[in-house]
Amino acid sequence: MADKREAVQWVAVHILRHEPSLRRWLRRTGVQASDIDDIVQQTYCKLSELDSVAHIIDARAYFFATARSFLLQRLRRDRVVHIQAASDQIDNQAVDQAPSPERMVGARSELNKVFEVIAALPKRYREVIELRRIEGLSQKETAKRLGLTEKSVENSLARGLKAILQSFENADRDYPCPGEELAEKVRNVGQR
Amino acid sequence: MSASVEDTAIRWAVRIDAQDLSDHEQRALDGWLRQDSRHRGALFRARAGLALVDGLGAEPLAEPHPAVRRWVRASAAIAAGFAGLLALSLSWSLWSGQQYSTDLGEIRRVPLADGSVVLVNTDSDLEVHYGNKARQLRLDAGEAWFKVAKDRRKPFIVEADGVHVQATGTAFSVRRREQAVEIVVTEGTVRAWRDDQPGRAIAVSAGNTATISTAADRPAASVAPIGNGDPLAWRQGGVALNETTVFDAAAEFNRYNPVKIDVASPQVGSQRMTGYFQIDRPDEFSQAVADVTGASVSKDGNKYIIKM
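As the structure is a prediction and not an experimental result, all values here were calculated from the model.

*Asks:* Explain the overall build of chain A here, please?
*Replies:* The number of helices and strands found in chain A is 10 helices and 0 strands. Its helices and strands taken in sequence order, chain A reads α-α-α-α-α-α-α-α-α-α from the N to the C terminus. Evaluated residue by residue, chain A yields a buried proportion of 51% over its 192 residues. Considering only contacts within chain A whose residues lie at least 6 apart along the sequence, 67% involve residues at least 24 apart.

Following this line, the structure appears as structure tokens:
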């Protein structure tokens, strides 16, 4: 497997934090919960196939647009929804994804939300994550430092990682982002 | 997310990260990835999750070299006079180093060539120069924490506002304050002294914090136990208050956030607070102050105003 460190890093920094709002948007569009997972995974797969991310100016818009294409594929295949209506709705909601200055500022603090998840982990998992994060220790070095087997470090790291990833799956608990929240309210009013 | 695919992806992401996949495992992984684009997506996402942990304040991997900048104090010194140049060239003047800067609210992890690690706190500037005889770093603004790899032949020296802090293998932080430099030692021992008083170095051991005045007329230094507070809570994205005045606590939040806290009433500002807060939640802190003191909080543009 090609080493996609650059793309992985890019997704870590620019994409993951938008996953809750993407999921919320999919749900509002009427996609079933199990299908949301599929679309999200397909979207990440598509991103993993990018040769370069240098040309992407607005990561969030790109993320949404990619998910949207999978959603439309799915709608065509299922033929359960009136496609025109659905795609109109998708268009309206995906409008204007350019990051506002507020969003840029918010984004930095959104990353810090992961701190909260880490802080709430059981001690062992937290230790393993913190040694990695603060001191940059490898799994092997962490095992040595804590006097654990490598298997046990692997386990703790997997548990910690799962908690972090799950925090991005919860579409109800979106990360606060002033500009986005406002847009959300406007949309909700418009739909009434 | 469908539990089995995600769990499998997480397992693989962690295995790949360990960098010791057996041939057998590699084949199993390749097979699993070929099965379904969703598997590939889930693995990619899990690897990004791991990178996010590393990247909370770390270097972007895409960046090959940090910007290398010539230290310009030398040329300023020429303008100031030849004597000045001579004095400066004995210490820091002619070295060029790697510059690491953070924005408001940003915390950056910088792994150094010798295995040492630096966490650069919000709104800070750090210059790093590894020479043949010493590892020299200069904190031009803000605060940083250093986890120093042992190397007896090359002392690790941090300079901040005329104060030098020297370690061999240890962990400590240095923060520039107005007219003072604050040192917190969490492991081992450091020696610290002022430029103009090299003979009066103090030793600070683990569990202690030292404050060295940088005012010319006040060459005082004090050492005290860290106590119940956690001055390094920022490394976990937190602020630990221990009988801290509301004024000081608000100033601490304001170091990190574009939305500022303005304590408009002195009778509120002088009250003391104890507790642990998220660094990026000035709103929660302001509310807590209101709850404790009976003050009111209002938001005006980019400001929380706390007053009686």
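*Asks:* Sorry, what's going on with helix α6 (residues 246-254) of chain B here?
*Replies:* Because an α-helix completes one turn every 3.6 residues, residues spaced three or four positions apart along the sequence face the same direction. Burial in α6 of chain B covers these residues: Val246, Ala249, Ala250, Glu252, Phe253 and Asn254 of chain B. Elements in contact with the buried residues of α6 of chain B: β10 (171-177), β16 (238-245), β17 (260-263), α7 (266-269), β18 (272-278) and α8 (282-293) of chain B.

*Asks:* How do you make sense of the interface of chain A and chain B when you look at a structure like this?
*Replies:* Accessible area lost on assembly of the parts is the figure often given for the size of an interface. Contacts between chain A and chain B engage 55 residues on the former and 54 residues on the latter. Here chain A and chain B share an interface that buries about 5000 Å² over both sides, 60% of which is from carbon and sulfur atoms. The interface formed by chain A and chain B includes 8 salt bridges. Asp7 of chain B serves as the salt-bridge partner of Lys162 of chain A, at 2.6 Å between the closest nitrogen and oxygen. Taken together, the links from chain A to chain B amount to 13 residue pairs in polar contact (both at pLDDT 80 or more). Classifying every residue of the side of chain A that touches chain B by side-chain character gives 23 nonpolar, 10 polar and 22 charged.

*Asks:* I would appreciate a short explanation of the packing of helix α3 (residues 33-48) of chain A against helix α3 (residues 37-55) of chain B in the present structure.
*Replies:* Packed helix pairs are characterised by how far apart their axes lie and by the angle those axes make with each other. Look at α3 of chain A against α3 of chain B: their axes get within 7 Å of each other, and the N-to-C directions meet at 75 degrees. Accordingly, the angle class assigned to the pair α3 of chain A and α3 of chain B is roughly perpendicular. Seen from α3 of chain A, the contacting residues are Asp38, Gln41, Gln42, Tyr44, Cys45, Leu47 and Ser48 of chain A; seen from α3 of chain B, they are Ser37, Arg38, Arg40, Gly41, Ala42, Phe44 and Arg45 of chain B. A breakdown of the residues in the contact of α3 of chain A with α3 of chain B according to their chemical character gives 5 nonpolar, 5 polar and 4 charged.

*Asks:* I tried to follow the sheet that holds strand β4 (residues 117-120) of chain B on my own but got confused; where do I start?
*Replies:* Within a beta sheet, neighbouring strands are joined by backbone hydrogen bonds and run either parallel or antiparallel to one another. Residue and element names in this part refer to chain B. In space, the 7 strands of this open sheet follow the order β3-β4-β7-β10-β11-β14-β15, with antiparallel pairing throughout. Unpaired on one side and paired on the other, β3 (108-111) and β15 (221-225) mark the two borders of the sheet. For this sheet, the mean angle separating the axes of adjacent strands, direction not counted, is 15 degrees. The pairing of strand β7 (residues 143-147) with β10 spans 5 bridges and is classified as antiparallel. Within β10, the residue paired with Ala144 across the bridge is Val174.

*Asks:* I keep staring at the sheet that holds β17 of chain B and nothing clicks. Help me out?
*Replies:* Residue and element names in this part refer to chain B. On the basis of which strands lie adjacent, the open sheet formed by 3 strands has the order β17-β20-β19 and mixed pairing. Looking at the sheet topology across the chains shown, the edges are occupied by β17 and β19 (296-300). Sheet twist, expressed as the mean angle between neighbouring strand axes with direction ignored, is 25 degrees. Note: β19 against strand β20 (residues 303-307), 5 bridges, orientation antiparallel. Considered in β20, the bridge of Ser298 is made with Ile305. α8 contacts β17, β19 and β20 of the sheet and is inclined by roughly 10 degrees relative to β20.

*Asks:* I tried to follow unusual backbone geometry on my own but got confused; where do I start?
*Replies:* Among all residues save glycine, negative phi is the norm, and among peptide bonds the norm is trans. Residue and element names in this part refer to chain B. A positive phi angle, close to 50 degrees, is found at Asp161, a residue other than glycine. In this structure, Gln179 takes a positive phi of about 60 degrees despite not being glycine. As for its position among the elements, Gln179 is in the loop between β10 and β11 (180-187).

*Asks:* Sorry if this is basic, but what is going on with the environment of Thr245 of chain B here?
*Replies:* All names here are of chain B. Mapped onto the elements of the fold, Thr245 is located in strand β16. The exposure class assigned to Thr245 is buried, which follows from its relative accessible area of 14%. Taking C-alpha positions, Thr245 is 5.4 Å from Ser270, a pair spaced 25 residues apart along the chain. When neighbours within four sequence positions are excluded, Thr245 is seen to be in contact with Gly269, Ser270, Gln271 and Arg272.

*Asks:* Looking at this structure, I do not really get the packing of helix α1 (residues 5-15) of chain A against α3 of chain B. What am I missing?
*Replies:* Here α1 of chain A crosses α3 of chain B at 75 degrees, and the two axes come no closer than 8 Å. When the axes of α1 of chain A and α3 of chain B are compared, the pair comes out roughly perpendicular. Contacts from Ala7, Val8, Gln9, Val11 and Ala12 of chain A of α1 of chain A reach α3 of chain B at Phe44, Arg47, Ala48, Ala51, Leu52 and Gly55 of chain B. Tallied by class, residues from the contact of α1 of chain A with α3 of chain B come to 8 nonpolar, 2 polar and 1 charged.

*Asks:* Would you mind showing me how to read the packing of aromatic side chains here?
*Replies:* In this description, an aromatic ring pair is defined by two values, namely the gap between the centres and the angle between the planes. All names here are of chain B. Taken as a whole and assessed by the stated rule, the structure comprises 8 aromatic pairs over all chains. Arranged with centres 5.8 Å apart and planes meeting at 65 degrees, the rings of Phe146 and Phe156 form a pair that is edge-to-face. Taken as a pair, Phe146 in strand β7 and Phe156 in strand β8 (residues 156-160) lie far apart in primary sequence, 10 residues in all. You'll find Phe146 and Phe156 in the same group, each marked buried. Pairing Phe253 with Phe285 gives two aromatic rings, centres 4.7 Å apart and planes at 25 degrees, and the pair type is stacked. Of this pair, Phe253 sits in helix α6 while Phe285 sits in helix α8, placing them 32 residues apart in sequence. The exposure classification of Phe253 matches that of Phe285, with both residues buried.

Reading guide: rules and limits
Residues numbered from 1 in each chain as written. Chains lettered and ligands numbered in written order. Predicted model: local features only at pLDDT ≥ 70, side-chain atom pairs only at ≥ 80, totals over all residues. Heavy atoms only, no water. Helix = DSSP H or I, 4+ residues; strand = E, 2+ residues; numbered from the N terminus. Buried < 20%, exposed > 50% of the residue type's maximum accessible area, 1.4 Å probe, protein only. Contact = heavy atoms within 4.5 Å. Buried area = accessible area lost by both parts, 1.4 Å probe. Salt bridge = Lys/Arg side-chain N within 4 Å of Asp/Glu carboxyl O. Polar contact = N/O pair within 3.5 Å; in protein donor to acceptor, adjacent residues only side chain to side chain. Nonpolar A, V, L, I, M, F, W, Y, C, P; charged D, E, K, R; others polar. Axes fitted to C-alpha atoms, helices over the stretch in contact; angles between N-to-C directions. Parallel < 35°, antiparallel > 145°, perpendicular 65-115°, else oblique. Pairing = 2+ DSSP bridges. Phe/Tyr/Trp six-rings, centres within 6.5 Å; stacked < 30°, edge-to-face > 60°.

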